[in-house]
Amino acid sequence: MGVVTKGCKLGCCSPEVAALPRGGWDDAGSKIDGRRTEHLRREWAATSARIDRMQADYPKCKLCGQSTLRLDQAGLCSKVTEAHKAYRVRLGLPAVPAPAPAARGRGGRR
């Protein structure tokens, strides 16, 4: 996208582009100035990499590979897509998994 400068914390925006009002978003917040697309791509990549590192040791669904805190008896995540339902039924389990137990400290009982 051009010469990398120190205009933003990621080093991809010129000082002029980094200083755009509202970060380059329009008044409605729905369109970004094209000069900021590389910045958003880098920001998203850094965020995704951080999330991947945090979830690296989470169990993965046998069917879709989704990282999850808990797998059901079939080794699947809590999704109820047709493929997930069919996999559970083939194993003789209910098509929809039982709800997860309430997590402590997350607003359970009051």
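Just so it is clear, the model here is predicted, and its values are computed rather than measured.

A look at the state of the cysteines
Here a disulfide denotes one covalent bond, and it connects the sulfur atoms of two cysteines.
Now for step 1: Taken as a whole and assessed by the stated rule, the structure comprises 0 disulfides.
Now for step 2: In this structure Cys8 is a free cysteine whose sulfur lies 3.7 Å from that of Cys12, the closest cysteine sulfur available.
Now for step 3: Accessibility expressed as a relative area gives 15% for Cys8, which makes it buried.
Now for step 4: Not part of a disulfide, Cys13 finds its nearest cysteine sulfur in Cys8, a span of 3.8 Å.

Some details on the environment of Ala46
Now for step 1: One can find Ala46 in helix α2 (residues 37-54).
Now for step 2: By relative accessible area, which is 42% here, Ala46 ends up partly exposed.
Now for step 3: Considered as a pair, Ala46 and Leu10 are 36 residues apart in the sequence and their alpha carbons are 9.7 Å apart.

Overview of the pattern of salt bridges
Now for step 1: Tallied over the entire structure, the rule returns 7 salt bridges.
Now for step 2: Across the pair Arg35 and Asp33 runs a salt bridge, and its minimum N-O distance is 2.9 Å.
Now for step 3: Judged by its relative accessible area of 23%, Asp33 is partly exposed.
Now for step 4: The salt bridge partner of Arg41 is Glu38, with a shortest N-O separation of 2.7 Å. Residue Arg41 and its partner Glu38 are both found in helix α2; the two are separated by 3 residues, about one turn of the helix.
Now for step 5: On the accessibility criterion, Glu38 (19% relative accessible area) is buried.
Now for step 6: Put simply, Glu16, Asp33 and Arg35 are held in one network by salt bridges that share partners.

What counts and how
- Residues numbered from 1 in each chain as written.
- Predicted model: local features only at pLDDT ≥ 70, side-chain atom pairs only at ≥ 80, totals over all residues.
- Heavy atoms only, no water.
- Disulfide = S-S within 2.5 Å.
- Buried < 20%, exposed > 50% of the residue type's maximum accessible area, 1.4 Å probe, protein only.
- Helix = DSSP H or I, 4+ residues; strand = E, 2+ residues; numbered from the N terminus.
- Salt bridge = Lys/Arg side-chain N within 4 Å of Asp/Glu carboxyl O.

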